[in-house]
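Summary of structural features
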Amino acid sequence: MQACPYGVRYFDEEKGVSDKCTWCYHRITKGLEPACVEVCPVGARIFGDTNDKQSPVSLFIRNNRVQVLKPESGNAPNVFYVGIDKEVN
Amino acid sequence: MEHLIPFAPYTGWVYPNETVFEWSVLIAVYPYLTGLVAGAFTVSSLYQVFGFQRLKPVAHLALLTSLCFMIFVPTPLLLHLGHPERAMNATLTPHWTSAMAAFGYFASFYVLLLILETWFAYRPYIVAQAQRRNDLLGRIYRVLTLGSYDVSEHAMGYDRKWIFALAVTGIPAAHGLHGYVGFMYGSLKSREWWASDLMPVIFLFSAIISGVALLIVLYVASCKLRRIPIDLACLKGLAYTVWAFIMVAIVLEALAFANIVYKGREGIDMIMEYVTGPLLIPYFLLQFAIGLFVPFLALSYMIWRGTTGKALIVWVTICAALVLFSVFMMRWNVVIGGQEISKTGKGLIFYHMPFFGKEGALVAIALTLAPLVVLLGLIKVLPPWDDHAPLAPTAAH
C-alpha cells in the first residue's frame, strides 16, 4: 500500500484486506464497461483495450494531447488524462 | 455526516485513498522496539566480543533486555494486520524477491540465537538452582538445564566458545534485523521523505543510541531499587558509547535531510513547507534540539570536565531518557511524517492519534512498557547481576 505511487490501494475494513480498483473485473469479463464509465453523466471516461489500435480508447489517446500522473517516475501508467490541471499533474 | 471510515483532514491536493491514514502509531512503535533490541544487544556484544570489561555489570542485563523486547517486536504488527492469522504466510510460501519473507527467517533465527545465548550465559546459574531448589521453581530450572548438569571447567570452556560464537553471529543478526526496517522505508520510492539509501544506516545508529540509553536507565533504576552503589566506570562506559554514536547519528540524519533538499526532486516544495510547518516542533525541536543536541552537549561537557559522582549519574540518566525520547520521535517523524506528506507532492495530510482503540496511544504505550514488565519477571528467574554468582565467565580477554 505504501509503495503504490498513486495511492491506488486501500484497506477494505470489512474484509480486513487491502484492495485496489480492478476496473470492475466482474463486469469487464462479461463484456460490460466498468461501473464508473457507465454511470458518468458527461461521458468523461473511456475504457478499452489499448492493444487494439482501433478501439475508442486507442483512438482517443492518439488524437488528443494526453498526460499521465508522475511522468518523471517512469512508471508508464495506463491511465491517461486530457487537459490535466497544472496544479494536479 | 459521520464517515464510515476515519477520515484524515488534508490540505492541497491528495490522492483519494490517502485520506485514510494507513500506518498508525503502532508502526512507529515497531521500529522503536527492534531498535532497542539491536541497541541492547550491542551493549552485550561490546562486553562479550569486544572485551569492554567495564560493561560487565550490564552485560547480562543487556542480553535479557534484548530478549524481552524481541518477544514484543511482532505485537504491533500483528495488532495492525487485518488478518493476523495470515502473518506467517509470507514465510510459509516464500519467494526470492520477497524481502519480508527473508526477514521472517532472519528474525526467527535471531530469536533462536538470543534464547541460545541467554541459555549458555545462564547455564551455571540454572544448574546451581536446579540442584539447590526443590520447589516449583526448582522444577522449572531442572527443565531449563535440558538435562545438562556438567559445569566442569572443560564444559565451561565449551560454553564460552559458544557464547563467543553466538555473540559474534548476533552482531550482524541484530543489526540486520533493524537495518531491514530502514531498508523497507528506504526502498519505497513512492515517498520522497523515505526513499533514501541512508535509511538503514540512520535506523541502525539511532537504534544503537536508544538501546544503550535504555540500558543506562535500566541499570541506574535497578541499582536504586536494589539499593546498591552504581558502578561509575560502567556508567561512564555506557555514556561514552552513547556519546560516540550520537555524533554519528546526528551527522547521518543531517546528511540525509541535506540530501533531500539538495537533490530537490519532485515534491521538495511540499517537504519544505512541511518541515517548516507541522514538523518544526516534532522534528527540529523535539527530535534534534532536545533529544539529541542537549544530551550531546551535556555528555561532551561531562567528559570534558571529568564529571563524576552523583552529578554524573543524574545527568547521564537524564541524557539517556532524552535520547530514548528522541529516538521515538525519530520513528514517529519517519513513519507518521512520511505519510503526512501526500504522494502527490502537492498536499499534506494530518494524522490524529486516537487514545483508545486497537491502534491508539494507550496500546502503543502498553506495548512499549510490556517488555519491561516481562523483564521484571525474568530477572527474578535469571538474575543478571554480578553479585549472583555463578554466571558464565566472559569469553572476551
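Structure: above.
Keep in mind that this is a model prediction, so the values were computed, not measured. (Residues numbered from 1 in each chain as written. Chains lettered and ligands numbered in written order. Predicted model: local features only at pLDDT ≥ 70, side-chain atom pairs only at ≥ 80, totals over all residues. Heavy atoms only, no water.)

**Some words on empty space enclosed by the protein**
To locate leftover empty space, one rolls a probe as large as a water molecule over the atoms. All names here are of chain B. Under the definition given, this model contains four cavities of 30 Å³ or more. As for the largest cavity, its lining consists of 14 residues, of which Trp-193, Met-199, Glu-253, Ala-256 and Tyr-283 are closest to the centre. Per element, the largest residue contribution to the lining of the largest cavity is four residues, and it comes from helix α9 (residues 232-263). Of the residues belonging to the lining of the largest cavity, the class tally is 10 nonpolar, three polar and one charged. Of the voids in this model, the second largest cavity is the one considered here, and its volume is about 140 Å³. (1 Å grid on protein atoms, 1.4 Å probe; cavity = no way out; pocket = protein on both sides within 12 Å on 5 of 7 lines; lining within 4 Å. Points joined across faces, edges and corners; volume = space filled by probe spheres on them. Helix = DSSP H or I, 4+ residues; strand = E, 2+ residues; numbered from the N terminus. Nonpolar A, V, L, I, M, F, W, Y, C, P; charged D, E, K, R; others polar.)

**So, the packing of aromatic side chains**
Scanning the model with the defined rule gives 25 aromatic pairs over all chains in all. Relative to Tyr-185 of chain B, the ring of Trp-23 of chain B lies with its centre 5.9 Å away and its plane at 90°, an arrangement referred to as edge-to-face. Of this pair, Trp-23 of chain B sits in the loop between β1 (10-13) and α1 (25-48) while Tyr-185 of chain B sits in helix α7 (residues 153-187), placing them 162 residues apart in sequence. Owing to a relative accessible area of 23%, Trp-23 of chain B belongs among the partly exposed residues under this scheme. In this structure Tyr-185 of chain B comes out as buried when scored by relative accessible area, which is 4%. Residues Phe-103 of chain B and Tyr-180 of chain B carry aromatic rings whose centres are separated by 3.7 Å and whose planes lie at 5° to one another, so their mutual orientation is stacked. Here Tyr-180 of chain B lies in helix α7 and Phe-103 of chain B lies in helix α5 (residues 99-132), a separation of 77 residues in the sequence. Residue Tyr-180 of chain B is classed as buried on the basis of its relative accessible area, which comes to 12%. Aromatic ring contacts, followed pair by pair, group Trp-193, Phe-257, Tyr-283, Phe-284 and Phe-288 of chain B into a single cluster. Above the plane of the ring of Tyr-6 of chain A lies Lys-70 of chain A, whose end atom (NZ or CZ) is 6.0 Å from the centre. (Phe/Tyr/Trp six-rings, centres within 6.5 Å; stacked < 30°, edge-to-face > 60°. Buried < 20%, exposed > 50% of the residue type's maximum accessible area, 1.4 Å probe, protein only. Lys NZ or Arg CZ within 6 Å of the ring centre and 35° of its normal.)

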